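Residue-level listing of the chains:
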Amino acid sequence: MDAIRADVQQRVFAAARRWIDLDSAIGGEEAPARRVAGWQLEMAFGHVTFMALVRREVLSIFHSVYAFVAQSYRAFSALWPTGREGLENYLGLMVLLESRWTREWAPIVHSSDASLHSYGVAEACFEPATVAEMGRVSEL
């Protein structure tokens, strides 16, 4: 799989090829006028979401993209400026999509989510041993 790479330093990060793919999809001067259906964006967005799972807090920037997909699912229209901004912000954040496996567990835990109706980020503090125990629970 070329979306995520791992290296000998025990870190996981987004592959460089994905930066190029996303940049070409949302970049360029003609992009604001480009018309897209929500279902098309939803398909591409699956790859974006997969890569963002390395740093889940990044997922909180996609509220407008979710809303655009829902409203324009079967109709072709220009992506809203706020949706485009969210994707451009993600493109800028991709360099930070790295997770080192050798880091110690931090006591501060963040949770973020976005939906068609809202979005939010929460923060809490726990003992590092508790964070480690919960962090190792498989989500499958």
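For the structure, see preceding data.
Residues numbered from 1 in each chain as written. Predicted model: local features only at pLDDT ≥ 70, side-chain atom pairs only at ≥ 80, totals over all residues. Heavy atoms only, no water.

(A) Highlighting the overall build of the chain. Looking only at helices and strands, the chain has 5 helices and 7 strands in total. Taken across its 140 residues, the chain has 30% of its residues classed as buried. With the model as given, the accessible surface of the chain reaches about 9400 Å², and the carbon-plus-sulfur share is 57%. (Helix = DSSP H or I, 4+ residues; strand = E, 2+ residues; numbered from the N terminus. Buried < 20%, exposed > 50% of the residue type's maximum accessible area, 1.4 Å probe, protein only. Areas by Shrake-Rupley, 256 points an atom, 1.4 Å probe, with all protein chains shown as cover.)

(B) Quick look at the pairing of strand β7 (residues 119-125). The buried fraction of β7 is low, at 0 of 7 residues. As judged from the 7 bridges shared by strand β6 (residues 108-114) and β7, these two strands associate in the antiparallel manner. Across the sheet, the residue bridging to isoleucine 108 is cysteine 125, located in β7. (Pairing = 2+ DSSP bridges.)

(C) Up close: the pattern of salt bridges. Enumeration over the complete set of coordinates arrives at 1 salt bridge. Put simply, arginine 84 and glutamate 88 hold a salt bridge, and the shortest N to O gap is 3.1 Å. Taken as a pair, arginine 84 and glutamate 88 lie in helix α4 (residues 81-93) at a separation of 4 residues, close to a single helical turn. On the accessibility criterion, arginine 84 (16% relative accessible area) is buried. A relative accessible area of 38% means that glutamate 88 is categorised as partly exposed. (Salt bridge = Lys/Arg side-chain N within 4 Å of Asp/Glu carboxyl O.)

(D) Representation of the environment of phenylalanine 126 in the model. Inspection of the secondary structure puts phenylalanine 126 in the loop between β7 and α5 (128-135). Along the chain, phenylalanine 126 and proline 107 lie 19 residues apart, while their C-alpha atoms are 5.1 Å from each other. If near-sequence neighbours (up to four positions away) are discounted, phenylalanine 126 is found in contact with Pro107, Val109 and Val131. (Contact = heavy atoms within 4.5 Å.)

(E) A look at the packing of aromatic side chains. Taken as a whole, this structure holds 2 aromatic pairs when the rule is applied. Each ring, one from phenylalanine 68 and one from tryptophan 80, has its centre 5.4 Å from the other, and the planes form 90°; the classification is edge-to-face. With phenylalanine 68 in helix α3 (residues 63-71) and tryptophan 80 in the loop between β4 (76-78) and α4, the pair connects residues that are 12 residues apart, well separated along the chain. (Phe/Tyr/Trp six-rings, centres within 6.5 Å; stacked < 30°, edge-to-face > 60°.)

(F) Quick look at the packing of helix α2 (residues 38-52) against α3. Contact geometry for α2 and α3: axes closest at 7 Å, N-to-C directions at 140°. It follows that α2 is oblique to α3 by the angle criterion. α2 and α3 meet at a crossing whose hand is left-handed. For the pair α2 and α3, the contacting residues are Gly38, Leu41, Glu42 and Phe45 in the first and Val65, Tyr66, Phe68 and Val69 in the second. Along the lines of polarity and charge, the residues of the contact of α2 with α3 split into 6 nonpolar, 1 polar and 1 charged. (Axes fitted to C-alpha atoms, helices over the stretch in contact; angles between N-to-C directions. Parallel < 35°, antiparallel > 145°, perpendicular 65-115°, else oblique. Left-handed = near helix turned anticlockwise from the far one by under 90°. Nonpolar A, V, L, I, M, F, W, Y, C, P; charged D, E, K, R; others polar.)

(G) Local environment of a nonpolar patch on the surface. There is a patch of nonpolar side chains on the surface, built from Trp39, Met43 and Phe76 and spanning about 330 Å² of accessible area. Turning to its location among the elements, phenylalanine 76 is positioned in strand β4. (Patch = residues over 30% accessible without salt bridge, like charges linked within 9 Å, V, L, I, M, F, W, Y side chains within 5 Å.)

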